[in-house]
Amino acid sequence: MKGVNVALGAAGLAAFLALGEAVPRLGLVKEAYFPPTSRIAGALADEVTDSAFWSALGDTLTGWALGLAIASCAGIVVGVVVSVVPYLREVTASTIEFLRPIPSVALIPLAVLLYGTELRSVLLLVVYASFWQVLIQVLYGVQDVDPVADETARSYGLGTWARVRHVLWPTALPYVMTGVRLAAAVALILAITAELIIGAPGLGKLIGVAQASQAVPEMYALIVVTGLLGLLINVGARTVERRALAWHQSVRGEVAV
Amino acid sequence: MRRLSAGLTAGALLLVATACGSSDDGSPDAGASSGGVTTVKLGVIPIVDVAPLYLGQQKGLFEKHGLKLEFTTAQGGAAIVPGVVSGQFQFGFSNVTSLMVAQTNGVPVKAVANGIASTGVRGKDFNGLMVKKDSPVKSAKELEGKKVAINTLKNINETAVRQAVREAGGDPDKVKLVEMAFDQMPAALDQGQIDAACVVEPATATIRSQGGREIASPLIDVAPELTVAMYFTSTQYAQQNPDVVKKFQEATAESLAYAEAHPDEARQIVTTYTKIPAAVLEQVVLPKWPAEPNRSSIEALMKLGEEDGLFKKTPDLDALLP
């Protein structure tokens, strides 16, 4: 079953690459602006021999990982506290709904003012964007707690911490995992966007330099790298999710099918 | 699951620790100093224009004056001015109109050294108002009612394009100016999405290689040898560190003169911080790098900018220029 899926995925990718080769070759799009797959692959091969590429990759991954970790921890802590403390949810609901849709990139001037073109500017944007993904899922997750289970725990005299630990957390965990998986993708997009626009070190900055230099194949080669990175991160996040939730019926159910 | 939650807690603590540990930049106006050499951060856009400073750094001209440059490349001027004013960088590179706009908005900037000037030679400038090969447009006057791309509205290139149209006898108000990044202009021009584009190198070279024609040299229409961009600092930094500013001025003037005298070396160093393909780089027209700004050209730029309503009040050039 899994082998078939991998084969289908590879076939789809191969077809897509072939299309990328054919479209400029047939003259549907000018080669100068959209080079065929083979030329992009050539540029990619040049890139991977360049040490600047690897340090940029490292910078992007650092921004992504740090940002995601901060956003996840903050989202989980804030989400649980908001849910557990009476009235806090009502007090914060409108503020959260107000802040959540503000696009992270709109904060770029603030980031530059505070931190210049450093990693911390990237972190500000990444954390802001991915924090809400986690927080909202945690809030949903906590709402899903079975009231009977909660009442039972209360009547057995469990304290707040014990109820968070044994009732709330197991119910919320699948939601948290979904939030973290969504946040992982958002964090990558924002890390690269921040680098591209602000000029903080990383793959985004290299894309910006290639763009400004009219180095079209190199630019697409770097874009391909960001796509691959997104793919890997998604696969990784799903694996972690399956491992962490191996006990949960949603995952157990999936395995049985 | 216990392990997971323990891991998350440990991770959170570690992050808090590292986040606190990394926030020690020192006072923003200090500039690290060791062994008589002061390190200053310079905010630049990775383009041909700033080649002299990379060259000056490589040739030891800054070291000679007791300075070490740390280049911070930003994608656009939008990050450089706030970066300098907030003390993230000590110096920055920006076009003169942006500096005048900043000053009239109460942003404390002070130009300290010359940056680049137009070549003053029509058809052989790093900037041009270009149309595609088979365009019927022959002069800037014919752009009335047409769509012209510039990189930033209400900035130096708006002044320049409007002046080019005026000089050709047209009405600049009838030209539809659209904002577009320089690097997207060759493709947009080629596809007919715009009728003309005000571009700088290396996009100028790309359009030329596609057979595009130059119908005007807008910077030259503003002033024959226009000072286009300069290096600047914040007024606060200039007041508190007059000696560093003086060293920077001297080293920059030497670097500009060196680059002007050694264009091949300047062209070569561009490959170290951009990805301009070798074939394009050969075709690129280098700007002029005079050591001193041309005050009368800046006055012309200011008057036109005022006419077009770019400034809230009249810029104070005596305060702005070195």
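Treat the numbers as computed from the prediction; the structure is a model and nothing was measured. (Residues numbered from 1 in each chain as written. Chains lettered and ligands numbered in written order. Predicted model: local features only at pLDDT ≥ 70, side-chain atom pairs only at ≥ 80, totals over all residues. Heavy atoms only, no water.)

Structural notes on the overall build of chain B
Our working rule: A run of H or I in DSSP becomes a helix once it reaches four residues, and a run of E becomes a strand once it reaches two; helices and strands are each numbered from the N terminus. Here's how the labels work: a residue is buried when its accessible area is under 20% of the maximum for its type, exposed when over 50%, partly exposed in between, all with a 1.4 Å probe on protein chains only. Any two residues having at least one pair of non-hydrogen atoms within 4.5 Å are treated as being in contact. What sets the accessible areas is the Shrake-Rupley method with a 1.4 Å probe; for residues, cover comes only from the shown protein chains.
Check the secondary structure of chain B and you find 15 helices and 11 strands. Every one of the 322 residues in chain B was classed for burial, and the buried ones make up 52%. Considering only contacts within chain B whose residues lie at least 6 apart along the sequence, 80% involve residues at least 24 apart. For chain B, the exposed area adds up to about 13500 Å²; of that, 53% sits on carbon and sulfur atoms.

Description of the environment of A:S38
Residue and element names in this part refer to chain A. Mapping S38 onto the fold places it in helix α2 (residues 37-48). The exposure class of S38 is partly exposed, given its relative accessible area of 37%. Taking the C-alpha atoms as reference, S38 lies 9.7 Å from P217; in sequence the two are 179 residues apart.

What to know about helix α3 (residues 51-84) of chain A
To be explicit about the condition: Multiplying 1.5 Å by the residue count of a helix minus one yields the expected span of that helix. Under this definition, polar contacts are N or O atom pairs within 3.5 Å; protein pairs additionally need one hydrogen-donor-capable and one acceptor-capable atom, and for neighbouring residues in sequence, both atoms have to be side-chain atoms.
Over its 34 residues, α3(A) runs 49 Å from end to end, which matches the ideal 50 Å to within 8%, given 1.5 Å per residue. You can read the cap of α3(A) off the contacts: a side-chain oxygen lies 3.1 Å from the backbone nitrogen of A:A52, and it is on A:D50.

Quick look at the sheet that holds strand β8 (residues 176-179) of chain B
All names here are of chain B. Rule in force here: Only strands joined by at least two bridges in the DSSP assignment are considered to pair. Geometry is summarised by axes, namely lines fitted to C-alpha atoms with helices restricted to the contacting stretch, and by angles between N-to-C directions that run from 0 to 180 degrees.
Taken together, five strands build an open sheet; the order of strands is β8-β7-β9-β6-β10 and the sheet is mixed. The sheet terminates laterally at β8 and β10 (213-216), the two strands that pair on one side only. Shown here is a sheet whose adjacent strand axes are inclined to one another by a mean of 35 degrees, direction ignored. For strand β7 (residues 147-150) and β8, the ladder comprises four bridges, and the chain directions are parallel.

Points about the pattern of salt bridges
Defined as follows: The salt bridge criterion pairs a side-chain nitrogen of Lys or Arg with a carboxyl oxygen of Asp or Glu, the two atoms within 4 Å.
What the rule picks out here adds up to 24 salt bridges over all chains. Close ionic contact of A:E47 with B:K275 constitutes a salt bridge, the shortest N to O distance being 2.7 Å. In this pair, A:E47 is assigned in helix α2 and B:K275 in the loop between α12 (263-273) and α13 (278-283), connecting two distinct chains. Considered together, A:E47 and B:K275 belong to a single accessibility category, that of buried residues. A network of salt bridges, in which partner residues are shared, links B:R162, B:R166, B:D173, B:E307 and B:D308.

Re the packing of aromatic side chains
Between two aromatic rings, the relevant description is the distance of the centres plus the angle of the planes. Just so we agree on the cut-off: Ring pairs shown here join Phe, Tyr and Trp side chains whose ring centres sit within 6.5 Å, with only the six-membered ring taken for Trp; geometry is labelled stacked below 30 degrees between planes, edge-to-face above 60, and tilted in between.
In total, this model carries 11 aromatic pairs over all chains according to the counting rule given. Where A:F34 meets A:Y220, the ring centres are 5.3 Å apart and the plane angle is 85 degrees; that geometry is what we call edge-to-face. In this pair, A:F34 is assigned in the loop between α1 (2-25) and α2 and A:Y220 in helix α10 (residues 216-244), connecting sequence segments 186 residues apart. Centroid distance B:Y231 to B:F248: 6.2 Å. Interplanar angle 75 degrees. Geometry classified as edge-to-face. Taken together, the positions of B:Y231 in strand β11 (residues 227-234) and B:F248 in helix α11 (residues 242-261) put the pair 17 residues apart, joining distant regions of the chain. Comparing B:Y231 with B:F248 shows no difference in burial state: the two are buried.

A look at helix α5 (residues 96-104) of chain B
Residue and element names in this part refer to chain B. Most of α5 sits inside the fold, with nine of its nine residues counted as buried. Within the span of α5, buried status applies to V96, T97, S98, L99, M100, V101, A102, Q103 and T104. Where α5 begins, the side chain of N95 points an oxygen toward the backbone nitrogen of T97, at a separation of 2.9 Å. Backbone geometry just after α5 places G106 at a positive phi near 80 degrees.

Brief notes about the interface of chain A and chain B
Rule in force here: Buried area is a sum: the accessible area each of two parts loses on coming together, probed at 1.4 Å, counted once for each and added. Each residue gets one label: Ala, Val, Leu, Ile, Met, Phe, Trp, Tyr, Cys and Pro are nonpolar, Asp, Glu, Lys and Arg are charged, and the others, such as Gly, are polar.
On the chain B side, the residues contacting the 36 residues of chain A number 36 residues. Between chain A and chain B the total buried area reaches about 2900 Å² when both faces are included, carbon and sulfur atoms providing 59% of it. At the junction of chain A with chain B, the criterion picks out three salt bridges. Between A:E118 and B:K41 there is a salt bridge, and its shortest N-O distance comes to 3.8 Å. Taken together, the links from chain A to chain B amount to 12 residue pairs in polar contact (both at pLDDT 80 or more). Those elements that provide at least two residues to the side of chain A that touches chain B are α3, α5 (108-115), α8 (160-198), α9 (203-212) and α10 of chain A. Along the lines of polarity and charge, the residues of the side of chain A that touches chain B split into 22 nonpolar, seven polar and seven charged.

With respect to a nonpolar patch on the surface
Using the following cut-off: By definition, no residue in a patch forms a salt bridge, and every one has over 30% relative accessible area; like charges are joined within 9 Å, nonpolar side chains (Val, Leu, Ile, Met, Phe, Trp, Tyr) within 5 Å.
Residues A:V77, A:V81, A:V84 and A:V85 make up a contiguous nonpolar surface patch of roughly 280 Å² in combined accessible area. In this structure, A:V77 sits in helix α3.

What about the confidence of the model for chain B?
Formally: Summary of the metric used: pLDDT quantifies the predictor's per-residue confidence within the range 0 to 100.
With 89% of its residues at a pLDDT of 70 or more, chain B shows a mean pLDDT of 86. Predicted confidence for residues 1-31 of chain B stays below pLDDT 50, and this span has 31 contacts to residues more than four positions away or in other chains.

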